[in-house]
Structure formats: C-alpha cells, structure tokens
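Structural features, examined
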Amino acid sequence: MRRDAHGDYHLSEALGLVGGLARRMGVVLPRLAEPLKRLSEITQLTAKVTVREGAEWLMIARHELPKDISVSQRVGMRFPIHVGSVGAALLANETDAQIHRLLLDVKPAAAKDTWRRIRCCRLRRYAADLGETHSSVHALSVPLDLGFPDSPAALTVFGLPDEVPAKSVPAIVQKLRAALREIEMSLATGAHHPGVPTKAR
C-alpha cells in the first residue's frame, strides 16, 4: 500500500492480489494505516496485518519505525501457513479438519509445533513465537476479523528479542488487543480517520 501526495492510499502491485480479494483489500487497507502506525508507536515494534491465501500467509500492510537496527519484512512477502505466530493466529479459528488439510505437506516435527501454537492461541487468544522460528525475531499475533470469512487475517507486532522479552508479553498483548478492537470496530461501522478515504481509488 502506498500513499500519494493527496493522502489517498493505493494497493501495491507487489501484493499480487487477484480478483475478489484485491477488490476487498482495496477497501480494507486504507483503514489499517493509522491503527498500525499507532500500534507501532505505542509498542515501539513493527506492526503488520497478514491474510491467509491457501496454504500461505501474505503480509498486506505494515508500519515500521525508523531504527538503526530492526527486524524488517516487506509488504507482499509470503510464507508457508505453518510459520511463526502469524500462522497459528490465522489457523486458530479454522476447523481441525481444515488445518490437517493445510498442513499435509508440512514435515511432522513442524506440524506438531504448529499444532502446539494453535492450541495455545485458542486458549489464550494470542499466539507467541519468541525466537522459535528465528532466533532473532520475537513476535505476537492475534486473529483479526476483516469481515471476510474466507480470508482469515492476523494482527502482529514483532521485533528483536530484547524488544519483546517474555516478561513484557502481557503488556504488549494488551496493546495488540486494543488495536484489534479499533480496527474491527472501524471496519464494522465504516468509521475512518481524517485523511483516510473510505475506499481506495
């Protein structure tokens, strides 16, 4: 997503979205920008939104603070659905049968670890990956309802290990959930922030 000189938001071609998903995201993406910015600033972490496409997850929006050293991911990046806290948050609301189908090609050890994160996410309503997938990345994710049942989404913050220590997880999750409520309420009511159009041009 990019913002032009008039303050309007446009879909990035890097997303590679097609058909109905592209049209739906064109409405949703402008409403993510300001909440992601506020979440990033209040946590001092990178904030992002991802959606599931088949057996992959796709990052559709993010806000990253300028830092000398940081963990970075670009919009449009795709990963296998089982990877990280994002995968667990995206799969937590799926049926067990659907999850089994999506994990068919995943190695048994990785699938077992994914199921563990999914069960934790179902219980706590957030998923954590504190250096398990990559030792230099700590991430926390919550399932996000963008209003499209066939396109599960997740809201995530992530950073370096010293930026997301285990002792800070409860406080960060509280901020993550507040941002989640803000986004879902905005999408449900059609509210939007000044300078953010109700739909992309």
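Structure: see above.
Residues numbered from 1 in each chain as written. Predicted model: local features only at pLDDT ≥ 70, side-chain atom pairs only at ≥ 80, totals over all residues. Heavy atoms only, no water.

**Topic: the sheet that holds strand 3 (residues 46-53)**
In a beta sheet, neighbouring strands pair by backbone hydrogen bonds and run either parallel or antiparallel. Strand order across the open sheet formed by six strands is 5-4-3-8-7-6, with antiparallel pairing between neighbours. At either end of the open sheet lies a strand with only one pairing partner, and these are strand 5 (78-80) and strand 6 (127-130). Recorded for the sheet is a direction-independent mean angle of 30° between the axes of neighbouring strands. Inspection of the sheet shows strand 3 paired to strand 8 (residues 153-159) by six bridges, in the antiparallel sense. Each residue of the ladder has a partner; that of A47, found in strand 8, is V157. Helix 6 (residues 169-189) contacts strand 6, strand 7 (138-144) and strand 8 of the sheet and is inclined by roughly 35° relative to strand 7. (Pairing = 2+ DSSP bridges. Helix = DSSP H or I, 4+ residues; strand = E, 2+ residues; numbered from the N terminus. Axes fitted to C-alpha atoms, helices over the stretch in contact; angles between N-to-C directions. Contact = heavy atoms within 4.5 Å.)

**Let's talk about the nonpolar core**
Counting residues in hydrophobic clusters, the biggest one holds 32 residues, and the most contacted among them are L32, I60, L140, L144, L146, L155 and V157. Listed by contribution, the elements that provide at least two residues to this core are helix 1 (19-28), helix 2 (33-43), strand 3, strand 4 (56-63), strand 7, strand 8 and helix 6. The element contributing the most residues to this core is helix 6, with eight residues. Once you skip the residues sitting within four places of it in the chain, L32 turns out to touch V49, I60, A61, L146 and I183. (Core = buried A, V, L, I, M, F, W, Y, C linked by side-chain atoms within 4.5 Å. Buried < 20%, exposed > 50% of the residue type's maximum accessible area, 1.4 Å probe, protein only.)

**A word on the packing of aromatic side chains**
Summed over the entire model, instances satisfying the criterion amount to one aromatic pair. Lying over the aromatic face of F158, K48 brings its terminal NZ or CZ to 4.9 Å of the ring centre. Positioned above the aromatic ring of Y126, the side-chain terminus of R124 is 4.5 Å from the ring centre. (Phe/Tyr/Trp six-rings, centres within 6.5 Å; stacked < 30°, edge-to-face > 60°. Lys NZ or Arg CZ within 6 Å of the ring centre and 35° of its normal.)

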